[in-house]
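# Architecture and fold: a report
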Amino acid sequence: MIKLRDVCYVRLGTRDLAAAEAFATGVLGLQVAERSKGALYLRSDDRAHTLCYSEGDPGEQAVGFEVDDEASLQDAAATLERLNHRVFAGSREEAGKRKAQAFIAFDDPTGNRIELAVRPERSGKRYFPTRDCGITGFSHVGLNSTDPARDEAFWTQVCNARVSDRIGDIPLMRVNAIHHTIALVRAPKAGLQHINHQVASNDDVMRSYYLLNEKRVPIVFGPGRHPTSGARFLYFKGPDGLVFEYSVGVDEIEDEASHRPRQFGFEPTSFCMWGAKPQGMALPNATKD
Amino acid sequence: MSADRATLVALSHVWVAARDPLTCARFAEDIVGLQRSEETADPIALRADDRSRALVFSRGGESRLAVEAWDDAALDDIQSRLSEAGFPARRASADECRARRIQSGLLARDATGNAIEIVTRPERSGRRFFGARDAGLKGVANAGLRSTDVAGDLRFWRSLGAEVSDSVGEIAYLAIDDAHHRIALYPSTSKGPLYLAFEVATLDDLMRANYFLAERQIKIVQGPGRQPASEQVFLHFQGPEGLNYTYVTGMAKRDHSRPPRQFPSVAESLCAWGSRADGAPELSPANQGAEP
């Protein structure tokens, strides 16, 4: 079993690094950690980086998860190879680009690029956002899935993810106490469906709602509240059409042993209990193929 | 009245002179979520908590705001203070009391000319409040009044025992009990009620209302927003005949340990989140150009 500790970074390709930086700092509110040749490192919490844009194809996306140590990494590689996943062992230099000690990369069954990293760096200097956005940290990702049931099995049986709740056949999965770290979303092909950052208060969500409106950033869903995790949310579009989310108040699963995933019907109120409707953002399509 | 008792105890109700009371009442029921409390055609009374009347619609006449005082001694007290301050007031007759469902009352007028009534023992219902829709209503919270003479109206309200808790430009928030404010005076070119605010139980209720109203194409005048002075989250929307309703939640308690604070008349003094008013000039800052 591959023991994921937490999601630790996202790597995104972009054709326009300057536009990505303008959005990440001026809209999202992240802090620039480092600009190196063709790459931009951004911070959202006490980690040295949680988001990296690099010059390249926007289709090049990877999500990094932290594992315990190098031994865990070797075990994970062996497990994945046994299951016929092609495992790419990162070099020391490539690990350096991820501000981690070591890493491996592979594709999940849908084809999303996943990386497992050992000892991703923290920074002694506290995170200070570029704007007063209230971000407290990078928290979870929405991952496209061409077959949610198959991918749920991968994340929960090959890895240590546990299903917290389901909407239709869409699982929201946790790897620690936080309600979800990975949300699968039915889609025709691989890709990141959204990147979530937590903010400190409902006020932060609402302030951003009005600020983003003024800045004409497309708001695609919210402000709203998920009945599953209890989080108040706002989804909006960033560079290359990628959706970002602010949320606050996500539940923690208090009793790991006794928690039983709840089943929510596949309908709008399962995604927002307030009545917000997605605009320009597809709800995950729950129809079985 | 003993000295340690507050003169005013609560905001009681708003009586609205309507051209079409039935249409107004239907909106208050179906949209706002109030409950009809009497089966009369005119006036039509609605409740928002265990009191029989929060909002009354009646054809013609004049709109008026009623606040509740402790007892008759308080009414006497207020009457003499109003008289000293130059505001004549008279006791309501027995018929007027019956029509208002109150025990006794003092009929007065502020400097602007708004009819203000100070009432005792407004009727309560033994049956608990059950709203027409799941709005999460907890009762009447506060009211906004248009004022053409804020200094004069402040003199009036101080005679009643109200105190300014904070100001935004010339807008004055007036406290009469433990809440940050129950009355707010807004500089205006006309008189009359600007809004009547109902408390909802949770932020969820207020946000659900936001989408409920939007789906029904009801004009949102401002919000969802958060008032910096009172900390209350608000949503102003417009009903028939231009009457504004407000849902609020989370108002701060009155802080006796500090003097009233002054906020400048800019947008961010009126909403901490960045919402702007549209459709009620009184709710917009005097300094329109100022950016947060």
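Residue numbers run consecutively from 1 along every chain, following the written order of its sequence. Think of it this way: whatever chain is written first is A, whatever ligand is written first is 1, and the rest follow in order. Given that the model is predicted, a residue must reach a pLDDT of at least 70 before its local features are reported, and side-chain atom pairs must reach 80 or more before they are shown or counted; all residues, however, enter totals for whole chains, interfaces and linings.

## Regarding the overall build of chain B
Basically, it comes down to this: The helix and strand labels rest on DSSP assignments: H or I over at least four residues marks a helix, E over at least two residues marks a strand, and numbering proceeds from the N terminus. Atoms counted for the radius of gyration: C-alpha only. Globule rule: 2.2 Å times the number of residues to the power 0.38. To sort residues by exposure, count the other C-beta atoms lying within 10 Å of each residue's C-beta; 20 or more gives buried, 12 or fewer gives exposed, and values between give partly exposed, all with C-beta atoms placed from the backbone. We call two residues in contact when their backbone-placed C-beta atoms lie within 7 Å.
The secondary structure content of chain B amounts to six helices and 17 strands. Whereas a compact globule of 292 residues would reach a radius of gyration of roughly 19 Å, chain B reaches 18 Å, a difference of no more than 12%. By residue count, 49% of the 292 residues in chain B fall in the buried class. When contacts within chain B are restricted to residue pairs at least 6 apart in sequence, those whose partners lie at least 24 apart make up 65%.

## What about the environment of Pro240 of chain B?
All names here are of chain B. Assignment of secondary structure puts Pro240 in the loop between strand S15 (233–238) and strand S16 (244–249). Taking the C-alpha atoms as reference, Pro240 lies 9.6 Å from Arg26; in sequence the two are 214 residues apart. Other than its neighbours up to four places away in sequence, Pro240 contacts Asp20, Thr23, Cys24 and Phe27.

## Comments concerning the domain arrangement of chain A
A common way to state how big an interface is: give the accessible area lost once the parts meet. Residues and elements named next belong to chain A. This is how the line gets drawn: All the domain ranges listed were derived from an automatic or database domain assignment. When residue character is reported, Ala, Val, Leu, Ile, Met, Phe, Trp, Tyr, Cys and Pro are called nonpolar, Asp, Glu, Lys and Arg charged, and the others, Gly included, polar.
Partitioning chain A into domains gives domain 1 (6–118) and domain 2 (135–271). Distance between the C-alpha centres of domain 1 and domain 2: 19 Å. Each partner contributes to the interface: domain 1 provides 26 residues, whereas domain 2 provides 30 residues. When contributions to the side of domain 1 that touches domain 2 are tallied by element, the ones reaching two or more residues are strand S1 (6–14), helix H1 (17–28) and strand S5 (61–67). Looking at the side of domain 1 that touches domain 2 residue by residue, the class counts come to 13 nonpolar, nine polar and four charged.

## Observations concerning the environment of Gly59 of chain A
Note that Gly59 of chain A resides in the loop between strand S4 (51–55) and S5. Sequence spacing of Gly59 of chain A and His49 of chain A is ten residues, and the spatial spacing of their C-alpha atoms is 21 Å.

## Thoughts on the sheet that holds S1 of chain A
Residues and elements named next belong to chain A. Formally: By this definition, two strands are paired if DSSP reports at least two bridges between them. The convention used is that axes are lines fitted to C-alpha atoms, helices contributing only their stretch in contact, and that angles between N-to-C directions extend from 0 to 180 degrees.
Overall, mixed pairing links the eight strands, which are arranged S2-S3-S4-S1-S5-S8-S7-S6 in an open sheet. Strand pairing shows two members of the sheet lacking a second neighbour, strand S2 (31–36) and strand S6 (88–89), which therefore form its edges. As defined by bridge partners, S1 adjoins S4 across five bridges and the pair is classed as parallel. Its bridge partner being in S4, Arg11 is matched across the sheet by Cys52. Each of S5, S6, strand S7 (102–107) and strand S8 (113–118) touches helix H2 (residues 70–82); the most contacted strand, S7, lies at about 20° to it.

## Thoughts on the interface of chain B and chain A
Counting residues at the interface gives twelve residues for chain B, matched by twelve residues for chain A. Broken down by secondary-structure element, the contributors of at least two residues to the side of chain B that touches chain A are helix H5 (203–215) and strand S14 (220–226) of chain B. Broken down by element, the side of chain B that touches chain A gets its largest block of residues, six residues, from H5 of chain B.

## Quick look at unusual backbone geometry
Trans peptide bonds make up the majority, and among non-glycine residues the majority have a negative phi. The omega torsion of the bond from Gly222 of chain A to Pro223 of chain A falls at 10°, within 30 degrees of zero and hence cis. Structurally, Pro223 of chain A can be placed in strand S14 (residues 219–225). The amide bond that connects Gly223 of chain B to the next residue, Pro224 of chain B, takes the cis arrangement and shows omega of 5°. For Pro224 of chain B, the location among the structural elements is in strand S14. Unlike most non-glycine residues, Asn84 of chain A shows phi in positive territory, near 65°. Position of Asn84 of chain A among the secondary structure elements: in the loop between H2 and S6. For Asn84 of chain A, a count of 6 C-beta atoms within 10 Å corresponds to the exposed category. Even without being a glycine, Arg119 of chain A presents a positive backbone phi close to 50°. Note on placement: Arg119 of chain A falls in the loop between S8 and strand S9 (135–145).

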